[in-house]
Amino acid sequence: MGEQTSVKFPQEVIDEYAALGVDLPALFSAGHLGTRMGVQILEASADRVVATMPVEGNTQPYGLLHGGASAVLAETLGSVGSMLHGGSGRIAVGVDLNCTHHRGVRSGLVTGVATPVHRGRSTATYEIVISDEQDRRVCTARLTCLLREVDEAGQAKTVAEVTEAKERGEA
């Protein structure tokens, strides 16, 4: 459970990151938390990110899917979409997450699908719909990420660093 399978990426994204020597499945995965929770990303592009997560192991004391588990799935999907929108020169940092839980789930897999609501230069917002195996909506979430530029070492630049670079004509 939680092992990363082959994620379907658009060819232009594969080419962009391959030129940088970046392992896409590792970079755009569910991360350590998502892996522990069994999140498996199946498809990833700036237009649509799809993943599944088992209910088992992610429940609250009443045996229902934990709302926090839905939030982890939603933030993972919205963040991956935002990172792909931002491209290799930016990182996505979640700044707002809203989740509405519609129904309880006791077993099986849930599937999350993230689609963009807004994709700008400095922010990206995704709607994430999480459904059960009968295609019934379990949760609707919205994630907004700040897109931050990165330096050559892959570290996020501060607003001051970006502003100074622009003033010097470097950005």
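Residues numbered from 1 in each chain as written. Predicted model: local features only at pLDDT ≥ 70, side-chain atom pairs only at ≥ 80, totals over all residues. Heavy atoms only, no water.

- Looking at an unreviewed UniProt entry, the chain carries the name Thioesterase, with the source organism given as Streptomyces antimycoticus.

1. Concerning the nonpolar core
As a rule of thumb, nonpolar side chains are buried together in soluble globular proteins.
At step 1: Counting 37 residues, the largest nonpolar core has Ala-44, Met-53, Leu-65, Leu-73, Val-110, Ile-128 and Ile-130 as the members making the most contacts within it.
At step 2: Elements supplying a minimum of two residues to this core: α1 (11-18), β1 (40-44), β2 (49-54), α4 (67-86), β4 (109-119), β5 (123-131) and β6 (137-149).
At step 3: When residues in this core are grouped by element, the largest group, eight residues, is from α4.
At step 4: Excluding residues that lie within four positions of it along the chain, Ile-128 makes contacts with Ala-74, Leu-77, Gly-78, Val-113, Ala-114, Cys-139, Thr-140, Ala-141, Arg-142 and Leu-143. (Core = buried A, V, L, I, M, F, W, Y, C linked by side-chain atoms within 4.5 Å. Buried < 20%, exposed > 50% of the residue type's maximum accessible area, 1.4 Å probe, protein only. Helix = DSSP H or I, 4+ residues; strand = E, 2+ residues; numbered from the N terminus. Contact = heavy atoms within 4.5 Å.)

2. So, the sheet that holds β2
By way of backbone hydrogen bonds, the strands of a sheet pair with one another, either parallel or antiparallel.
At step 1: Spatial ordering of the open sheet is given by β1-β2-β4-β5-β6-β3, a layout of six strands whose pairing is antiparallel. On the outer flanks of this sheet lie β1 and β3 (90-101), each paired with one strand and no other. Strand-to-strand twist in this sheet, taken as the mean axis angle between neighbours without regard to direction, amounts to 25 degrees.
At step 2: When β2 meets β4, the two strands line up antiparallel, connected through six bridges. Its bridge partner being in β4, Ala-51 is matched across the sheet by Gly-112.
At step 3: With respect to the sheet, α4 is in contact with β1, β2, β3, β4, β5 and β6, its orientation differing from that of β3 by roughly 145 degrees. (Pairing = 2+ DSSP bridges. Axes fitted to C-alpha atoms, helices over the stretch in contact; angles between N-to-C directions.)

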